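Here are the chains, one letter per residue:
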Amino acid sequence: MSRQISFGQATLEAMQYAMRRDDRVIVIGEDIGWGGSFGQFRGLLDEFGPQRVVDMPISEAIIVAASVGAAVTGLRPVASMSFVEFTMGAMDEIVNQAAKLRFMFGDQVTVPMVLRASDGTLRSSAAQHSESLEALFAHIPGLKVVAPSAPADAKGLLAAAIADDDPVVFLENKKIGSMRGDVPEGEYQVPLGRAEIRRPGNDVTVVAYSIMAIHGERAARQLADEHEIEVELVDLRTLVPLDIETIADSVRRTRRAVVCHEAWVSGGYGAEIAARITEELFDELEAPVTRVGARPTHIPFSPPLERAVVPQHEEIVDAVLRVVAHRRQAV
Amino acid sequence: MSRQISFGQATLEAMQYAMRRDDRVIVIGEDIGWGGSFGQFRGLLDEFGPQRVVDMPISEAIIVAASVGAAVTGLRPVASMSFVEFTMGAMDEIVNQAAKLRFMFGDQVTVPMVLRASDGTLRSSAAQHSESLEALFAHIPGLKVVAPSAPADAKGLLAAAIADDDPVVFLENKKIGSMRGDVPEGEYQVPLGRAEIRRPGNDVTVVAYSIMAIHGERAARQLADEHEIEVELVDLRTLVPLDIETIADSVRRTRRAVVCHEAWVSGGYGAEIAARITEELFDELEAPVTRVGARPTHIPFSPPLERAVVPQHEEIVDAVLRVVAHRRQAV
Amino acid sequence: MTRDLRSIHRTMVRIRVFEGRVQQLFLERKLPGFVHVYTGQEAVAVGVCAALRPDDYITSTHRGHGHAIAKGVGLDRLMAELYGKETGVCRGRGGSMHVADFGLGMLGANGIVAAGCGLATGAGLSALYRGSGQVAVCFFGEGGVNKGMFHEAANFATVKRLPVIFACENNRFAQYTGFERTTSVADLARRADGYGMPGVTVDGNDVIAVLQAASDAVQAARGGDGPTFLNLETYRFGGHFVGDAEEYRTENQVNAWLERDPIPRLEAHLRSDDTLDSGARDDVWSDAALEVEEAERFAEESPYPDPAAALEGILDRR
Amino acid sequence: MTRDLRSIHRTMVRIRVFEGRVQQLFLERKLPGFVHVYTGQEAVAVGVCAALRPDDYITSTHRGHGHAIAKGVGLDRLMAELYGKETGVCRGRGGSMHVADFGLGMLGANGIVAAGCGLATGAGLSALYRGSGQVAVCFFGEGGVNKGMFHEAANFATVKRLPVIFACENNRFAQYTGFERTTSVADLARRADGYGMPGVTVDGNDVIAVLQAASDAVQAARGGDGPTFLNLETYRFGGHFVGDAEEYRTENQVNAWLERDPIPRLEAHLRSDDTLDSGARDDVWSDAALEVEEAERFAEESPYPDPAAALEGILDRR
Ligand SMILES: Cc1ncc(C[n+]2csc(CCOP(=O)(O)OP(=O)(O)O)c2C)c(N)n1
Ligand SMILES: Cc1ncc(C[n+]2csc(CCOP(=O)(O)OP(=O)(O)O)c2C)c(N)n1
Ligand SMILES: [Mg+2]
Ligand SMILES: [Mg+2]
């Protein structure tokens with residue numbers, strides 16, 4: 001059985017199941033007792049009490065450090081960082097502690113914790129509340145990175161992230177937070193590291209995640225309707241570990257790929273995906289892998305500027321048309 | 001006139017000239033009064049006094065924040081962060097302040113500051129004192145990133161960085177700090193954003209920076225001697241802005257490229273360079289752009305493990321041999 | 001002092017009227033983004049800024065309109081910024097949370113809690129080095145005192161005797177969380193003492209008291225005696241942001257604080273010593289209403305930035 | 001107590017002899033990396049750990065060998081770690097700066113100043129939640145008190161009354177910089193008071209005083225009274241790291257502290273009340289020398305990790 005609920009509610013269900021099943025799971029963050037902007041923590045304080053739903057001072061560094069300390073001594077903390085920009089104030093704890101301890105202590109301990117943060121633009125939130133920073137986490141060994149687009153995936157992936165023994169950064173795009181979708185009832189996991197083909201197609205592979213997977217569906221519909229181009233849309237869901245098999249299987253058929261994220265193109269995780277595709281399938285590609293992402297400036301407040309900087313489905317359509325038009329030249 | 005001096009001394013000369021010429025230049029960091037590990041601050045306290053050579057508490061966040069505050073009110077601070085891992089404790093100030101203020105305040109102010117940090121492995125310094133994090137800076141709009149390999153470049157680029165109106169991250173590999181090279185006397189700048197061809201060749205382009213440019217020279221000699229392969233070695237020197245013209249001009253001739261850094265391959269800046277080359281020159285490439293970098297784990301202490309994780313010239317040689325062996329297949 | 005107080009009154013009223021209109025405009029969906037208004041806390045920004053020279057610096061927070069107005073930013077360019085228009089103080093790039101005017105020493109509202117403490121400390125370092133005699137004030141909420149940045153700034157400013165003033169607006173709440181639930185000392189002056197920094201608790205709804213305390217702090221800072229921590233007790237009359245359901249506080253508490261509204265208190269004082277009769281008082285309010293109306297018209301009529309200029313000044317960098 | 005003191009003495013001597021040998025081995029280039037020894041500060045680690053249960057937690061710093069030994073880590077596996085051998089406590093992955101033994105509650109030496117304050121706070125949160133009665137001690141240098149992490153940890157631990165002990169080893173220097181040049185209060189107990197946390201200044205070279213103060217702090221923490229800050233005044237006899245030229249301090253200062261060497265002080269005490277005659281004393285030293293010799297042999301003879309295992313446990317992750 002499934003019903004339509006929002007992304008935020010879907011993650012709330014994952015939290016409830018995890019906390020009921022396993023009393024090592026605690027949640028820690030600022031103002032979480034009040035339920036969270038997308039209802040993602042609603043009712044947890046009442047059900048589980050202040051020992052397990054720890055309302056924190058405005059102290060991002062200790063939110064992460066305390067989570068690490070709790071994780072290495074038997075708990076499974078879920079740390080809420082609200083806006084992803086605020087994780088920068090805990091980057092030392094994320095990079096130098098959470099991600100490293102398992103390795104530098106020779107595998108004698110794991111750090112089972114989840115770091116939840118919302119990213120992306122939403123109605124002119126401006127430069128300090130709009131950005132997408134997954135590339136900064138994805139580069140660091142020891143961190144897994146998840147960025148779902150569908151409520152059902154969000155529920156299952158959050159469950160898997162909480163059950164995982166390594167630190168997982170769980171990114172929730174603000175535009176998706178209140179979007180609704182079909183979500184199964186009951187407890188389930190969606191395994192980390194597996195992409196999902198949202199729409200089959202033979203002309204071009206669009207690799208996307210988070211909000212761009214949603215823009216990608218719209219772009220795919222438009223390309224089918226107006227240009228008779230059949231997009232195969234791969235929703236990555238997990239960025240690290242990267243499901244290169246699913247991507248490569250698709251591109252091997254379509255011979256063309258467009259990689260999309262809301263983060264800046266330059267130095268973004270799309271560069272990694274593009275480089276991997278090219279390394280694996282160079283001889284089979286008909287066109288260069290093309291990237292869609294934000295232009296290289298901080299997200300402006302003014303609506304027309306925000307729109308000019310942040311990609312939506314139109315940019316995907318344009319990129320697909322360019323890629324499809326390309327015929328590889330003889331050397 | 002030039003003479004042989006070390007990388008550290010070369011940067012010291014740049015500091016001396018800048019501070020003598022422009023009293024807005026100050027330097028701020030932990031223990032800098034004592035001269036720095038590579039002599040890069042030696043004598044500055046005596047010459048310029050404690051007002052301009054500000055010894056700091058162990059407080060990386062305020063080192064950067066105070067530099068930003070000083071930069072927007074008329075000074076040109078050079079902030080020393082010693083090991084690049086410690087910049088993680090100031091990432092909020094780097095990403096959310098230094099890099100953003102110019103944009104989010106509508107260009108009414110610039111943030112002329114330099115952030116110096118040493119990175120890379122040196123004799124088993126282990127996971128918290130060995131890593132290379134340039135990818136985290138290179139992704140952020142508004143930051144320029146410099147990583148020279150030659151003492152002469154270090155001197156000229158540091159001068160240019162100090163004179164620049166935007167924040168510049170200046171990365172100094174620990175293995176290079178005490179290496180010597182020919183350095184011109186007197187004051188000069190090497191412009192930001194220009195790569196240098198260290199060695200001309202027609203068979204394959206090796207793009208590298210920092211210590212990997214040095215390993216690249218050795219690899220190039222070995223490839224010439226043992227395999228009659230002529231490498232064109234491009235030393236990037238500046239990562240952002242990226243000198244894609246020089247890279248593309250070279251690869252257009254060689255049709256093959258290997259991109260090298262000491263940082264982890266996955267999600268590293270090499271992915272961006274590889275993606276850019278492929279985007280620009282897809283039809284002209286004979287082989288996929290190949291990346292050399294650290295394997296995906298934190299740098300281990302034990303010498304044989306450290307060697308297994310961190311690339312040196314042998315890894316470049318292997319990559320070049322693979323790339324040169326590749327002949328593009330017809331689609 | 002009399003002239004000062006009349007000008008202080010005028011500025012407080014202008015903030016009150018401006019913020020009231022901003023709240024309305026936001027609810028009418030005329031303003032993009034989200035908006036945190038300053039209503040109820042006017043005595044803090046205005047009292048502190050009245051103690052400053054024009055070339056002194058301030059840094060501000062997500063709740064920054066009041067600080068900007070108190071430092072002299074015009075309502076028209078401020079309102080235009082909130083609209084995201086090219087004529088705004090930040091040319092529409094910043095919006096409500098990032099209003100700034102460096103020409104007036106207003107170093108910006110900032111969306112990162114306590115970030116301004118660090119920037120002001122740097123501005124103080126710069127002023128001391130340049131021998132300019134300027135001081136730098138950081139306004140920040142009591143929620144900011146638990147952030148590492150506050151700590152590193154407070155220690156460094158104190159050890160180097162920088163001309164910095166830590167103006168903590170203790171309005172009891174950080175978002176929906178009461179101060180005492182997250183902060184290990186009830187008296188923030190005690191926190192200041194941990195740095196060897198003088199900590200002064202002030203009735204932040206009494207603008208004369210604020211002005212007095214700020215003047216002392218400014219004098220100390222300019223005189224080389226280093227920073228002061230001002231624990232300015234106040235209250236925000238509205239929610240955390242416009243639209244907040246305010247479940248975390250009681251009507252009783254709000255009403256008790258409404259009785260301590262800083263503007264009627266100042267007006268009572270000015271009336272009692274005949275500085276401001278009720279006609280003059282009414283003029284101040286109606287002038288402010290007119291000025292806000294004009295600011296709104298200015299903002300409405302101003303153009304949006306040209307999307308083609310989104311990368312202006314940056315394309316050459318990559 | 002008598003038995004305690006003899007065991008305390010033995011542990012202090014073992015640290016002293018171990019560190020002396022480590023210093024020697026480093027200078028002979030037998031140890032990779034860089035090494036920070038604990039010589040002179042033994043009373044702190046040993047006195048504090050003597051107040052703990054085996055299942056209590058500690059976190060440590062770049063100068064962590066002494067803490068590890070005091071918490072029960074064997075010299076052989078510790079030495080093997082410093083050699084980078086597979087038999088080391090971290091299988092050679094960590095080295096001197098990252099020795100850890102989670103089975104003994106030793107949550108790791110850490111190369112990031114003050115990081116341990118955060119980890120111990122998390123361990124305290126965990127212990128309190130689990131109702132295990134464990135306490136968590138963070139050892140950190142006085143240089144760490146100016147780091148934002150210390151602040152956020154101190155406030156949070158105090159407001160939640162976590163069973164955490166902030167054991168500040170005030171050895172006067174952070175690298176080459178004297179404490180007073182970077183820290184705005186001379187008395188760190190005052191800094192602690194800024195959090196509402198009891199701050200106790202202790203002669204850190206008097207192991208009996210350390211044990212007493214630590215026992216009080218442990219009792220408070222276990223009893224639900226929250227954290228204590230211990231300001232443990234001590235001195236490092238050597239440089240910051242082995243090889244440091246030590247230009248930043250005078251021979252006089254060093255000599256004055258050498259006179260307060262915690263080991264002879266304890267020995268004088270034990271002799272005075274007949275707990276330890278000079279023969280027994282000599283046995284302790286020669287046993288320690290033997291043990292260190294054996295640890296060295298163990299380390300020398302142990303294999304390096306297999307380079308093929310460099311990615312063990314990670315390959316499946318990407
Ligand atoms: C570093 C950081 N963490 C969290 C937030 C989210 N946030 C925005 S305002 C706020 C509360 C601030 O409270 P306070 O400092 O007391 O200021 P007030 O809103 O009361 O003026 C929080 C937590 C933020 N902006 N920055
Ligand atoms: C975050 C961070 N900044 C800087 C350093 C470099 N560093 C290593 S040890 C040290 C001094 C530490 O002094 P203290 O905390 O007093 O410990 P002690 O060496 O005296 O035991 C510094 C600055 C570091 N390791 N971590
Ligand atoms: Mg507040
Ligand atoms: Mg010390």
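Residues numbered from 1 in each chain as written. Chains lettered and ligands numbered in written order. Predicted model: local features only at pLDDT ≥ 70, side-chain atom pairs only at ≥ 80, totals over all residues. Heavy atoms only, no water.

Caption draft 1: The arrangement of the coordination of the magnesium ion (ligand 3) in detail. Residue and element names in this part refer to chain C. Glu-142 (OE), Asn-171 (OD1) and Phe-173 (O) make up the full set of protein donors to the magnesium ion (ligand 3), lying at 2.0 to 2.2 Å. When the donor residues of the magnesium ion (ligand 3) are listed from N- to C-terminus, their spacing reads E-x28-N-x1-F. The class of Phe-173 is buried, set by a relative accessible area of 10%. (Donors = N, O, S within 2.8 Å, 3.2 Å for Na, K, Ca; no water. Buried < 20%, exposed > 50% of the residue type's maximum accessible area, 1.4 Å probe, protein only.)

Caption draft 2: Representation of the interface of chain A and chain B within the structure. In this complex, chain A contributes 53 residues to the contact, which on the side of chain B involves 53 residues. Around 4500 Å² of area is buried between chain A and chain B when both sides are counted, 63% of it from carbon and sulfur atoms. Two residues, Lys-100 of chain B and Glu-131 of chain A, come together in a salt bridge whose shortest N-O distance is 2.9 Å. Joining chain A to chain B, the criterion identifies 32 residue pairs in polar contact (both at pLDDT 80 or more). Within the residue set of the side of chain A that touches chain B, elements represented by two or more residues are helix H4 (91-98), helix H5 (101-104), helix H6 (134-138), strand E13 (257-264) and helix H10 (269-281) of chain A. If one sorts the elements of the side of chain A that touches chain B by residue count, H10 of chain A sits on top with seven residues. Per-class residue counts for the side of chain A that touches chain B are 25 nonpolar, 14 polar and 14 charged. (Contact = heavy atoms within 4.5 Å. Buried area = accessible area lost by both parts, 1.4 Å probe. Salt bridge = Lys/Arg side-chain N within 4 Å of Asp/Glu carboxyl O. Polar contact = N/O pair within 3.5 Å; in protein donor to acceptor, adjacent residues only side chain to side chain. Helix = DSSP H or I, 4+ residues; strand = E, 2+ residues; numbered from the N terminus. Nonpolar A, V, L, I, M, F, W, Y, C, P; charged D, E, K, R; others polar.)

Caption draft 3: Quick peek at the pairing of strand E3 (residues 164-170) of chain D. Residues and elements named next belong to chain D. Where burial is concerned, most of E3 is hidden: seven out of the seven residues are buried. Across the two faces of E3 the burial is the same, with Val-164, Phe-166, Cys-168 and Asn-170 and Ile-165, Ala-167 and Glu-169 all buried. Both strand E2 (residues 136-141) and E3 contribute to a ladder of six bridges, which runs parallel. Bridge pairing in E3 places Phe-140 opposite Cys-168. The β-α-β motif built from E2, the intervening helix H6 (residues 148-159) and the parallel element E3 has right-handed crossover chirality. Pairing between E3 and strand E7 (residues 228-233): six bridges, direction parallel. Across the sheet, Ala-167 pairs through a bridge with Leu-230, a residue of E7. (Pairing = 2+ DSSP bridges. Right-handed = clockwise from strand over helix to strand, strands pointing away.)

Caption draft 4: Up close: the sheet that holds strand E14 (residues 290-294) of chain A. Residues and elements named next belong to chain A. The strand order across the open sheet formed by five strands is E9-E11-E10-E13-E14, and the pairing between neighbours is mixed. Looking at strand neighbours, the two that pair on one side only are strand E9 (196-199) and E14, the edges of this open sheet. The sheet shows a mean angle of 25 degrees between the axes of neighbouring strands, taken without regard to direction. Here three bridges tie E9 to strand E11 (residues 231-235), and the two strands are oriented antiparallel to one another. Within E11, the position partnered with Ile-197 by the bridge is Val-234. Set on the sheet, helix H8 (residues 211-227) makes contact with E9, strand E10 (204-208), E11, E13 and E14; between it and E11 the angle comes to about 170 degrees. (Axes fitted to C-alpha atoms, helices over the stretch in contact; angles between N-to-C directions.)

Caption draft 5: The relation of the copies chain A and chain B, seen in detail. Laying chain A over chain B is done by rotating through 180 degrees and shifting 0.0 Å along the axis; what remains is an RMSD of 0.0 Å. Here the two chains are linked by the operation of a two-fold rotation axis. Of all interface residues in chain A, 100% are interface residues in chain B too; the two copies therefore contact each other through one and the same surface. (Least-squares fit on C-alpha atoms with pLDDT ≥ 70 in both.)

Caption draft 6: Expanded view of the interface of chain C and chain A. Opposite the 37 residues of chain C that make contact, chain A presents 30 residues. Roughly 2700 Å² is buried in total at the junction of chain C and chain A, and carbon and sulfur atoms are behind 64% of that figure. A salt bridge links Lys-147 of chain C to Glu-60 of chain A; the shortest N-O distance between them is 2.6 Å. For the pair chain C and chain A, the interface holds 14 residue pairs in polar contact (both at pLDDT 80 or more). Looking at the side of chain C that touches chain A element by element, the count peaks at three residues for helix H4 (residues 75-83) of chain C. Here the side of chain C that touches chain A is composed, by residue class, of 16 nonpolar, 14 polar and seven charged.

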